[in-house]
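What the coordinates show
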Amino acid sequence: MRYADLHLHTTFSDGTDTPERVVDRAAALGIAAIAITDHDTVGGVALAQAAAQRAGIAFLTGVELSAKFDNGDVHVIGLGIDIASPPLGGALAHLHDARAKRSARMLERLAARGMPLELEAGAREGVVGRMHVARALVTAGHAKTVQQAFDKFLKPGKPGYVGQTKLDCNEAIELIHAARGLAFLAHPGLGAPRRKLLTLLGLPFDGIECYHSKHSPGQTDQFLQLARDRGLLVTGGSDCHGEAKGRAEMGRVRLPIEHVERLLEGMTPHR
Ligand SMILES: [Zn+2]
Ligand SMILES: [Zn+2]
């Protein structure tokens, strides 16, 4: 079966493989089409696109935007976006600045409590998040595990917590549409209760990410049915974050190629 993986991360967000490496791995697995969907950045897309062209793999541009909805977190996948879109680029630059300031604030607050921290090498400016700070807390001996570091220092109400600047879910969808892409509700099986899911789908999403490595076969069927009922497009992918640390999910989730063909048809009016 020819299949696609339209949810892949690279070193440009929190993945461990470079864009070129991601494409090489996809080629080795015989995947017919891929999309790079890094968190809040399109920095790795052009490199992956060039590599995919060389490898003869169909390629879709992409991004995974972190957004808030009803006091919760929602991920929005954009596919087929113009990566040079000024509104999208402006919003991503703003988020990048806000994230850099946030991690600096977290470190300041912890230092003021007698916990000066060194971040591990490789944690790039702007991509540094709570996870990096949590690891540094473990390394410095202030917590035994990353989970404990979160619980003791980095959760709301704890000394190192600083609120995050996030897009509103509607805003995330608008930015993707402004970049002439299609907007998908990412991995609805992770966390969103059914009632909330139906409210979310009242927003102008183009489709649902039905296939995902953390969805059970039953959930996938349920989301496929929901997409059919609502006339929405279907996407899916492994959400692979790389080969290191046993996170190599690529090849485990197979989006049947006919869904990609339908996505491309959905994009035609914009091109
Ligand atoms: Zn996600
Ligand atoms: Zn993801």
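Everything here concerns the structure above.
Cut-off values and rules
- Residues numbered from 1 in each chain as written.
- Chains lettered and ligands numbered in written order.
- Predicted model: local features only at pLDDT ≥ 70, side-chain atom pairs only at ≥ 80, totals over all residues.
- Heavy atoms only, no water.
- Donors = N, O, S within 2.8 Å, 3.2 Å for Na, K, Ca; no water.
- Helix = DSSP H or I, 4+ residues; strand = E, 2+ residues; numbered from the N terminus.
- Buried < 20%, exposed > 50% of the residue type's maximum accessible area, 1.4 Å probe, protein only.
- Axes fitted to C-alpha atoms, helices over the stretch in contact; angles between N-to-C directions.
- Parallel < 35°, antiparallel > 145°, perpendicular 65-115°, else oblique.
- Contact = heavy atoms within 4.5 Å.
- Nonpolar A, V, L, I, M, F, W, Y, C, P; charged D, E, K, R; others polar.
- Core = buried A, V, L, I, M, F, W, Y, C linked by side-chain atoms within 4.5 Å.
- Tetrahedral: all angles 85-135°; square planar, octahedral: opposite > 155°, others 65-115°.
- Arc of directions from axis to C-beta.
- Pairing = 2+ DSSP bridges.
- Left-handed = near helix turned anticlockwise from the far one by under 90°.
- Lys, Arg positive; Asp, Glu negative; His and termini not counted.
- Salt bridge = Lys/Arg side-chain N within 4 Å of Asp/Glu carboxyl O.

**Observations regarding the coordination of the zinc ion (ligand 1)**
- Each protein donor to the zinc ion (ligand 1) is listed here as Glu64 (OE), His75 (ND1) and His187 (NE2); together their distances run 2.0 to 2.1 Å.
- Spacing between the donor residues of the zinc ion (ligand 1) along the chain follows E-x10-H-x111-H.
- Between the two metal centres, the zinc ion (ligand 1) and the zinc ion (ligand 2), the spacing is 3.6 Å, with glutamate 64 acting as a shared donor. Separated by 112 residues along the polypeptide, histidine 75 in strand E5 (residues 72-79) and histidine 187 in the loop between strand E7 (182-185) and helix H7 (194-200) bring together distant segments of the chain.
- Classification of histidine 75 by relative accessible area gives partly exposed; the value is 23%.
- On the basis of relative accessibility, which here comes to 10%, the residue histidine 187 falls in the buried class.

**A look at the packing of helix H4 (residues 130-139) against helix H5 (residues 146-154)**
- At a minimum axis separation of 9 Å, H4 and H5 run at an interaxial angle of 105°. In this view, H4 runs roughly perpendicular relative to H5, as classed from their interaxial angle. Across from Arg130, Met131, Val133, Ala134, Arg135, Leu137 and Val138 in H4, the residues of H5 making contact are Val146, Ala149, Phe150, Phe153 and Leu154.
- Looking at the contact of H4 with H5 residue by residue, the classes come out as 10 nonpolar, no polar and 2 charged.

**Side note on the nonpolar core**
- Formed by 69 residues in total, the largest nonpolar core has its most connected members in Leu6, Val76, Leu79, Cys169, Phe205 and Leu263.
- Take this core: its biggest share by element is 5 residues, from helix H6 (residues 169-178).
- Setting aside residues no more than four positions away along its own chain, valine 76 makes contact with Val63, Glu64, Leu65, Ala67, Cys169, Ala172, Ile173, Ile176, Ala183, Phe184, Ala186 and Phe205.
- The next biggest cluster of nonpolar side chains, apart from the first, holds 14 residues, and it includes Val133, Ala149, Phe150 and Val162.

**Remarks on the coordination of the zinc ion (ligand 2)**
- At this site the zinc ion (ligand 2) is bound by His7 (NE2), His9 (NE2), Glu64 (OE) and Asp239 (OD), with donor distances of 2.0 to 2.2 Å.
- Between the 4 donor atoms coordinating the zinc ion (ligand 2), the angles at the centre fall across 81 to 172°, so the site counts as irregular.
- We note that the donor set of the zinc ion (ligand 2) lies within a single chain, spaced as H-x1-H-x54-E-x174-D.
- Since its relative accessible area comes to 0%, glutamate 64 is described here as buried.

**Description of helix H9 (residues 257-267)**
- Listed as buried for H9 are Ile257, His259, Val260, Leu263 and Met267. Angularly, the buried residues of H9 cover 150° about the axis, an arc narrow enough to put them on a single face.

**Focus: the pairing of strand E1 (residues 3-8)**
- Most of E1 sits out of view: 6 of its 6 residues are buried.
- In terms of strand pairing, E1 meets strand E10 (residues 255-256) through 2 bridges, oriented antiparallel. When the bridges of E10 are listed, tyrosine 3 appears paired with proline 256.
- One ladder, built from 3 bridges, connects E1 with strand E2 (residues 33-36); its direction is parallel. For aspartate 5, the partnering residue across the bridge sits in E2 and is isoleucine 34.

**Regarding the packing of helix H3 (residues 86-112) against H4**
- Where H3 contacts H4, the two axes come as close as 10 Å, and the packing angle between them is 25°. Between H3 and H4, the angle falls in the class roughly parallel. For the pair H3 and H4, the crossing hand works out as right-handed. On H4, the residues touching Arg102, Met106, Leu107 and Leu110 of H3 are Arg130, Val133 and Leu137.
- Class assignment of the residues belonging to the contact of H3 with H4 gives a composition of 5 nonpolar, no polar and 2 charged.

**Side note on the side chain of arginine 102**
- Residue position: arginine 102 is located in helix H3.
- Notably, arginine 102 is buried but unbridged: the nearest opposite-charge side chain belongs to aspartate 73, and the N-O separation is 8.8 Å.
- Those residues within four positions of arginine 102 in sequence are excluded, and the remaining contacts are Arg130, Tyr161, Val162, Gly163 and Gln164.

**Topic: the sheet that holds E10**
- With mixed pairing, 4 strands are arranged side by side in an open sheet as E3-E2-E1-E10. At either end of the open sheet lies a strand with only one pairing partner, and these are strand E3 (58-60) and E10.
- Contacts from helix H2 (residues 45-55) reach E2 and E3, with the element oriented near 165° to E3.

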